[in-house]
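Chains, contacts and geometry: an overview
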Number of protein chains: 2
Amino acid sequence: MNNFTFYSPTEFVVGKETENQVGTLCAKYEATRVMIVYGGGSAVRSGLLDRVKVSLAASGMEMCELAGVQPNPIDTKVREGLELAHSFRPDFLLSVGGGSVIDTAKAIAVGYHYEGDFWDFYAGKAKPAKALPIGVVLTIPAAGSEGSGNSVITNTKTHVKVGIRQPMILRPKFAIMNPELTLTLPEWQTASGISDMMAHILERYLSNTPEVQIGDRLAEGMLLAIMETAERLMENPNDYDARANIMWCGTIAHNDTCSLGRVEDWNSHAMEHEISAEYDVTHGAGLAVIFPAFLQYAAKHNAHKVAQLAHRVLGIADSGNAEADALAGALKLKSWLHDTLHMPVTFAQLGIEEPDLELLNTRLHNLKGAILPGGYMPLDAQATMEIYKLAME
Amino acid sequence: MNNFTFYSPTEFVVGKETENQVGTLCAKYEATRVMIVYGGGSAVRSGLLDRVKVSLAASGMEMCELAGVQPNPIDTKVREGLELAHSFRPDFLLSVGGGSVIDTAKAIAVGYHYEGDFWDFYAGKAKPAKALPIGVVLTIPAAGSEGSGNSVITNTKTHVKVGIRQPMILRPKFAIMNPELTLTLPEWQTASGISDMMAHILERYLSNTPEVQIGDRLAEGMLLAIMETAERLMENPNDYDARANIMWCGTIAHNDTCSLGRVEDWNSHAMEHEISAEYDVTHGAGLAVIFPAFLQYAAKHNAHKVAQLAHRVLGIADSGNAEADALAGALKLKSWLHDTLHMPVTFAQLGIEEPDLELLNTRLHNLKGAILPGGYMPLDAQATMEIYKLAME
């Protein structure tokens, strides 16, 4: 086990009607001027935004609003938010929404105190020293951004989609998580979110670092809980308890609960970011296409951890042949994503009949270098092309 | 799943040589005057205390020392610490040791700002509003106090051993956890710690709250990881990675990672506290005696969760008969504690040939009421007596 720091200071307030505590929680974390960041109309139509504003007003907060954050959030919206922030001068950012909204708020949070352009942080040209504090009212469990120090933004000019990871300054102060708010999520969003959180776990689980038994067992437990409650949820979207389990899994999938002393992989995410940046597909759906392909490739080239996953999570009996078991596990996960979650598992099912694999692969390696490092398998351009091709089938 | 708040703001710094960061971490959390709390001679003899002081001095800290905290920490030591604190006026308490040392520091932390006697908090007569900040250099993984808001103190006059739980103010700011510091722990202390952390998980796992799949799977994962690495550790106490896994398990066993929306039990802990308060035995060893007896009783009266434990963690095949499987699981855990951990599993093996069960049981119910509530099974005096008697066999 490698040395590690685990720091997850967010106060998670989980359960029914918890959004009514938002004013009290903002006050507890010393907010007085709150900039509310949200996305499309659903937070407005459902009455959530009104309830949030009532609660904030009751705690004496001044407010301003940044609306219209879109999925796969973009740099131009961040700049619009920064302009608003510089005129309103908030001391707290409140995200009401899912990962895109939270990631946008995080970009504003670090950009606010910075003289240059906020994109410098995402381009790796500068490191943020401080950030405005953030709170979250979560409406879509998927990205895990409510508990992480990460933010991913797409550059609209270059089509580059990249992230920053600043756990010491960017983890939200609090995250209000009412599973009732997710009861009306359409199947597509529910399933994409589940695919995304499973990928967050697998990116950590797939690692060559030895002797990480506790992290492995926690990751396996999360995957088992997700799969058993997801099956119920696909049958009955109104199942509150299944929603609650899934919602919490989305958080701990990404707050490093199962990272713990290992070198993580993240090559599948890098490969998917090229797809969603170019074709603007849902990130979780893109992952459902890429991850099984990645696991099929891994079964051939570095089977051991995929075989462990197959044995402990996917119900594949140990045949003594790690490569065969790993491949069986990869295919079983692929079937499960398709048959149970109704996710696309090929480019065609994702709606991209003729993907420009050369373009994706070239951009990927231009951004990440000739070899994607990865804690489980370094991947050169030939390897990533082979995985993209496996995702065609 | 019930509503819940999860708040674990401690910065855990885990790995080799991490104790040398203690000065930097104290400074980060705005310490300037540090009161060091520690136990017996081992922190001194090993040179750890000196290394800690060198690091603190390098960060410009003023220091004072409270030495001599004993296992099963006592009120009189807390009062001695409070006296020292009122003269030194620290702005930070640093615990160097295990659970007893941390729990003593926590009692000082809440007592410091209080006009009355600190015991009021433990007697339930008052609630602490604030506490001095605490840091930890952990030397014994067991109590989980480095990540919890709990503190348990024994009253030397009344022999009452009780705890407070104040997660919002009593969780340490940081916990430095170097598994190397635990390599020299004698087998008895290692095994007692493992028994204690397993009990912390089981007290949470054993709950009648339905629909807590994710918490169950996390708890089961922790137990599996503990059992597989504990087996290695009993063979080879110098196994760094096994020590590292166990050390982290001790923390997350008790920082509520696996609590999550359920009513916990804690009746076994209450029953054990009577034993260690009267006979001054090691808490974890007392739990190894009580817990299997409790599970045997539970197998007869509320089998379902013990059966799930038996199936998912203890390798008992599902026979379709929950009661039989639960009993088989209870007995298998009892054998494992005895044969693998070399723990006592009866009063006699604990060195108490003729325990005064009437005295223990009377004190227990005087303290806790006619019926111990418990999230899994309420226990009246007849039930607890039956469990104490099962612990004779």
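These notes cover the structure that comes with them. Each residue is numbered by its place in its chain's sequence as written, counting from 1. For this description, chains carry letters from A and ligands carry numbers from 1, given in the order in which they are written. Only residues with pLDDT of 70 or above have their local features reported here, since the model is predicted, and side-chain atom pairs are shown and tallied only from 80 upward, although totals for entire chains, interfaces and linings are computed over all residues. The side-chain values count all of the structure's non-hydrogen atoms but skip hydrogen atoms and water molecules.

Another point: the overall build of chain A. In this description a helix means any DSSP run of H or I spanning at least four residues, a strand means any run of E spanning at least two, and both kinds are numbered starting from the N terminus. Helix and strand content of chain A: 16 helices and eight strands. Taken over C-alpha atoms, the radius of gyration is set against a globule rule of 2.2 Å times the number of residues to the power 0.38. In summary, chain A has a C-alpha radius of gyration of 20 Å against a globular reference of 21 Å for 393 residues, a match within 12%. Over its C-alpha atoms, taken along the principal directions, chain A stretches across nearly 65 × 45 × 45 Å. Expressed as a percentage of the 393 residues in chain A, the buried residues total 64%. The contacts in chain A between residues at least 6 apart in sequence include a share of 78% that link residues at least 24 apart. Surface summary for chain A: the accessible area is close to 13,800 Å², and the carbon and sulfur share equals 51%. Measuring between centres, the 31 positive side-chain charges of chain A sit 5 Å from its 46 negative side-chain charges. Relative accessibility decides the category of a residue: with a 1.4 Å probe and only protein chains considered, values under 20% of the type maximum give buried, values over 50% give exposed, and everything between is partly exposed. Any two residues whose heavy atoms approach within 4.5 Å at even a single point are treated as in contact. All accessible-area figures derive from a Shrake-Rupley calculation using a 1.4 Å probe, and residue coverage is judged against the displayed protein chains alone. In summary, the charge assignment counts Lys and Arg as positive and Asp and Glu as negative, without counting His or the chain termini. Taken as the charge location is NZ of Lys, CZ of Arg, CG of Asp or CD of Glu.

The next point concerns the sheet that holds strand S5 (residues 134-138) of chain B. On the basis of which strands lie adjacent, the open sheet formed by twelve strands has the order S3(A)-S2(A)-S4(A)-S5(A)-S8(A)-S1(A)-S1(B)-S8(B)-S5(B)-S4(B)-S2(B)-S3(B) and mixed pairing. Two strands close off the open sheet at either side, each with one partner strand: strand S3 (62-66) of chain A together with strand S3 (62-66) of chain B. Taken over all neighbouring pairs, the strand axes of this sheet differ in orientation by 25° on average, direction set aside. Paired strands, as defined in this entry, are two strands with at least two bridges between them according to DSSP. Two strands pair when backbone bridges link them, and strand S5 (residues 134-138) of chain A and strand S8 (residues 174-177) of chain A are joined in this way by four bridges, in the parallel orientation. Pairing of A:Gly135 across the sheet is with A:Phe174, part of S8(A). Axis definition: a line fitted to C-alpha atoms, limited for helices to the stretch in contact. Angles are taken between N-to-C directions and run from 0 to 180 degrees. Packed onto the sheet, helix H5 (residues 99-111) of chain B meets strand S2 (33-38), S3, strand S4 (92-97) and S5 of chain B and runs at close to 165° relative to S4(B).

We now examine helix H3 (residues 48-58) of chain B. Given 3.6 residues to a turn, an α-helix orients residues that are three or four positions apart in the same direction. Residue and element names in this part refer to chain B. Residues Leu48, Leu49, Val52, Ser55 and Leu56 constitute the buried set of H3. The arc that holds every buried residue of H3, seen down its axis, measures 125°, which confines them to one face. Along H3, the residues that are exposed and aim more than 90 degrees away from the buried face are Val54 and Ala58. Trailing H3 by a residue or two, Gly60 shows a phi angle of about 75°, which is positive. Each direction from the helix axis to a C-beta atom contributes to the arc, which is the arc of those directions.

Counting residues at the interface gives 42 residues for chain A and 42 residues for chain B. Summed over both partners, the accessible area lost on bringing two parts together, with a 1.4 Å probe, is the buried area. Approximately 3,400 Å² of surface area, both sides summed, lies buried where chain A meets chain B, with 56% of it carried by carbon and sulfur atoms. Think of a salt bridge as a Lys or Arg side-chain nitrogen and an Asp or Glu carboxyl oxygen that are within 4 Å of each other. Inspection of the region where chain A meets chain B yields four salt bridges. Note that B:Arg232 is salt-bridged to A:Glu211, the shortest N-O span being 2.8 Å. In protein, a polar contact means a hydrogen-donor-capable atom and an acceptor-capable atom, both N or O and within 3.5 Å, with residues adjacent in sequence counting only if both atoms are side-chain atoms; elsewhere, any N or O pair within 3.5 Å suffices. At the surface where chain A touches chain B, the tally comes to 18 residue pairs in polar contact (both at pLDDT 80 or more). Secondary structure elements with two or more residues in the side of chain A that touches chain B: strand S1 (4-14), helix H9 (213-235) and helix H10 (240-252) of chain A. As paired strands, S1(A) and strand S1 (residues 4-14) of chain B are joined by nine bridges and run antiparallel to one another. Pairing of A:Thr5 across the sheet is with B:Val13, part of S1(B).

We superpose the copies by least squares over the C-alpha atoms of residues that have a pLDDT of at least 70 in both of them. Placing chain A over chain B gives an RMSD of 0.0 Å and needs a rotation angle of 180°, together with 0.0 Å of translation along the axis. Look at the turn and shift together and you get a two-fold axis relating the two. Taking C-alpha positions as reference, the residue of chain A nearest the rotation axis is A:Pro9, located at 1.8 Å.

Residues and elements named next belong to chain B. Here the structure, examined in full by the defined rule, presents 40 salt bridges over all chains. Between Lys53 and Glu65 there is a salt bridge, and its shortest N-O distance comes to 2.6 Å. Linking Lys53 in helix H3 with Glu65 in strand S3, this pair joins segments that are twelve residues apart in sequence. By relative accessible area, which is 24% here, Lys53 ends up partly exposed.

Turning to the pairing of strand S8 (residues 174-177) of chain B, a few remarks are in order. Residues and elements named next belong to chain B. Residues Phe174 and Ile176 line one face of S8 and the alternating positions Ala175 and Met177 line the opposite face, and both faces are buried. With four bridges connecting them, S1 and S8 associate as parallel partners. Bridged to Glu11 within S8 is Phe174.

With that settled, the discussion passes to the nonpolar core. Soluble globular proteins tend to bury their nonpolar side chains together. Counting residues in hydrophobic clusters, the biggest one holds 238 residues, and the most contacted among them are A:Trp248 and B:Trp248. Residues contacting A:Trp248, with those up to four places away along its chain left out, are A:Phe12, A:Val14, A:Met177, B:Phe4, B:Phe6, B:Ile214 and B:Leu260. Among the buried residues, those of types Ala, Val, Leu, Ile, Met, Phe, Trp, Tyr and Cys that are joined through side-chain atoms within 4.5 Å form a nonpolar core.

Between 30 and 60 degrees the pair is tilted, below 30 it is stacked and above 60 it is edge-to-face, where a pair is any two Phe, Tyr or Trp rings, Trp via its six-membered ring, whose centres lie within 6.5 Å. Applying the stated criterion across every chain yields a total of 24 aromatic pairs over all chains. When the centroid spacing of 6.0 Å and the interplanar angle of 85° are considered together, the rings of B:Phe118 and B:Trp119 count as edge-to-face. Both residues of the pair, B:Phe118 and B:Trp119, belong to the buried class. Measuring from centroid to centroid gives 5.8 Å for B:Phe291 and B:Phe294, while their planes differ by 75°, and the two rings are edge-to-face. Taken together, the residues B:Phe291 and B:Phe294, both in helix H12 (residues 283-301) and three residues apart, mark about one turn of the helix. Comparing B:Phe291 with B:Phe294, the two get one shared label, buried. Three or more aromatic residues joined by ring pairs make a cluster, and in this case those are A:Phe4, A:Phe6, B:Phe12 and B:Trp248. Only when the NZ atom of a Lys or the CZ atom of an Arg is both within 6 Å of the ring centre and within 35 degrees of the ring normal do we say a charge sits over the ring. One residue, B:Arg33, lies across the ring of B:Phe88, its end atom 4.3 Å from the ring centre.

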